[in-house]
Amino acid sequence: MFMKRKILGKKPLKRKGSGLPMRKRRCRFCADANNLIDYKEVKPLEGFIKERGKIISRRFSGNCARHQRKLADAIKKGRFLGLLAYTRY
């Protein structure tokens, strides 16, 4: 019988189905200083909300922790003031 060996060390992250390693995402707010988070600007904030109304996580949006917190606060403030809908239905 063949025994599986455990490989020590970390492997680079790879995309499913392809042999290419995953590219590290950069926070779009850190990369561009002119790109500010404001609860009054509805169009940019809608890009970070799923169809059901949930806020997209850091893992999928690629934001850093600081900007993800600011983004979530802006979305919540926009919802409270009636600028953004809680759901899209």
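What counts and what doesn't
Residues numbered from 1 in each chain as written. Predicted model: local features only at pLDDT ≥ 70, side-chain atom pairs only at ≥ 80, totals over all residues. Heavy atoms only, no water. Helix = DSSP H or I, 4+ residues; strand = E, 2+ residues; numbered from the N terminus. Buried < 20%, exposed > 50% of the residue type's maximum accessible area, 1.4 Å probe, protein only. Contact = heavy atoms within 4.5 Å. Areas by Shrake-Rupley, 256 points an atom, 1.4 Å probe, with all protein chains shown as cover. Expected span 1.5 Å × (residues − 1). Arc of directions from axis to C-beta. Core = buried A, V, L, I, M, F, W, Y, C linked by side-chain atoms within 4.5 Å. Polar contact = N/O pair within 3.5 Å; in protein donor to acceptor, adjacent residues only side chain to side chain.

Q: Quick rundown of the overall build of the protein chain? Include the residues and the values.
A: Of regular secondary structure, the protein chain possesses 4 helices and 0 strands. Put simply, the protein chain runs from its N terminus to its C terminus through helices and strands in the order α-α-α-α. In the protein chain, which comprises 89 residues, the proportion classed as buried is 21%. In the protein chain, the proportion of contacts linking residues at least 24 apart, taken out of those at least 6 apart, comes to 55%. Total accessible area on the protein chain is roughly 8300 Å²; 55% of this is exposed by carbon and sulfur atoms.

Q: Describe helix H4 (residues 65-80), and please don't skip the residues or the numbers.
A: An ideal rise of 1.5 Å per residue puts 22 Å on 16 residues; H4 measures up with 23 Å between its terminal C-alpha atoms. Regarding H4, the residues found buried are His67, Gln68, Leu71, Ala72, Ala74, Ile75, Gly78 and Arg79. The buried residues of H4 occupy an angular sector of 165 degrees when the element is viewed end-on, so they sit on one face. Pointing more than 90 degrees away from the buried face of H4 are the exposed residues Arg66, Arg69, Asp73 and Phe80. Each element contacted by the buried residues of H4 is listed here: helix H1 (28-31), helix H2 (42-46) and helix H3 (58-61). In the stretch just after H4, Gly82 is the one whose phi turns positive, near 90 degrees.

Q: Which residues make up the nonpolar core, and what are the values?
A: With 9 residues, the main nonpolar core is built from Cys27, Phe29, Leu45, Phe48, Ile49, Leu71, Ala74, Ile75 and Leu84. It is H4 that contributes the most residues to this core, 3 residues altogether. Each residue touching Phe48, except ones within four places of it in the same chain, is listed here: Arg28, Phe29, Lys54, Ile55, Ile56, Ser61, Asn63, Leu71 and Ile75.

Q: Can you explain the side chain of Asn63? Please cite residues and give values.
A: Checked against the element boundaries, Asn63 lands in the loop between H3 and H4. Overall, the relative accessible area of 3% leaves Asn63 in the buried class. A polar contact of 3.1 Å, which involves the side chain of Asn63, links it to the side chain of Gln68. Setting aside chain neighbours within four positions, we find Asn63 in contact with Cys27, Arg28, Phe29, Phe48, Arg58, Gln68 and Leu71.

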